[in-house]
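What follows is each chain in one-letter form.
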Amino acid sequence: IDMSVHTPHTMDELVASRFDLVVTLSDDAAAAVAERDYEMGALEHWPVGDPSVGEGNRETVLNAYRALRDDLQKKVRARLEPLVNAPRRPTQNAAQ
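Below you will find a few notes about this structure. Along each chain, residue indices are assigned from 1 in the same order as the chain's sequence is written. For this predicted model, a pLDDT threshold of at least 70 governs which residues receive local features, and a threshold of 80 or more governs which side-chain atom pairs are given and counted, while totals over whole chains, interfaces and linings are taken from all residues. The side-chain figures draw on all heavy atoms in the structure; neither hydrogens nor water molecules are used.

Another point: helix α2 (residues 58–85). For α2, spanning 28 residues, the distance from its first C-alpha to its last is 39 Å, which sits close to the expected 40 Å at 1.5 Å a residue. Bending is quantified residue by residue as the angle between axes fitted to the seven-residue window ending at that residue and the seven-residue window starting at it. In DSSP terms, a helix is any run of H or I states spanning at least four residues, a strand is any run of E spanning at least two, and both are numbered starting from the N terminus. Within α2, the axis deviates most sharply at R79, by approximately 30°, and proline P82 lies no more than four positions further along. Each residue after the first adds 1.5 Å to the expected span of a helix.

Set out below in structure tokens:
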């Protein structure tokens, strides 16, 4: 998944209210989602460390961000791969 073309949005900017999967990364986000009236197929909380609080030289800080990026990439792949590779169910129109 190439995320370089995507930009983050606040929950107030979301038009949809039905989601197959909602993943939160911070405790604040998990609490905010719980307050919303969203229809969700699944809600998962993946707590992650904040790389911006790391100290050290530029390379140390970059490595913290890279580690977070790599960890999230693994989690997203592991979570979505079974869904992407699952057999498709026929739609109602196809069955007629």
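This part covers the pattern of salt bridges. Any two side chains of opposite charge can pair, so long as their charged atoms come close to each other. The salt bridge definition used is simple: a Lys or Arg side-chain nitrogen within 4 Å of an Asp or Glu carboxyl oxygen. Evaluation of the coordinates by the stated rule reveals 6 salt bridges. A salt bridge links R79 to E44; the shortest N-O distance between them is 2.5 Å. Here E44 lies in strand β4 (residues 43–45) and R79 lies in helix α2, a separation of 35 residues in the sequence.

Its location among the elements puts T24 in strand β2 (residues 22–24). Partly exposed residues are those whose accessible area sits between 20% and 50% of the maximum for their type, while under 20% is buried and over 50% is exposed, using a 1.4 Å probe and protein chains only. By relative accessible area, T24 is classed as buried at 4%. Side-chain polar atoms of T24 contact the side chain of H45, separated by 2.7 Å. Setting aside its immediate chain neighbours within four residues, T24 contacts A29, A30, V33, L43, E44, H45 and W46. Throughout this description, a polar contact denotes any pair of N or O atoms lying within 3.5 Å of each other; where both atoms belong to protein, one of them has to be capable of donating a hydrogen while the other can accept it, and for residues adjacent in sequence the pair is counted only when both atoms sit in side chains. Contacts are assigned to residue pairs that have any heavy atoms within 4.5 Å of one another.

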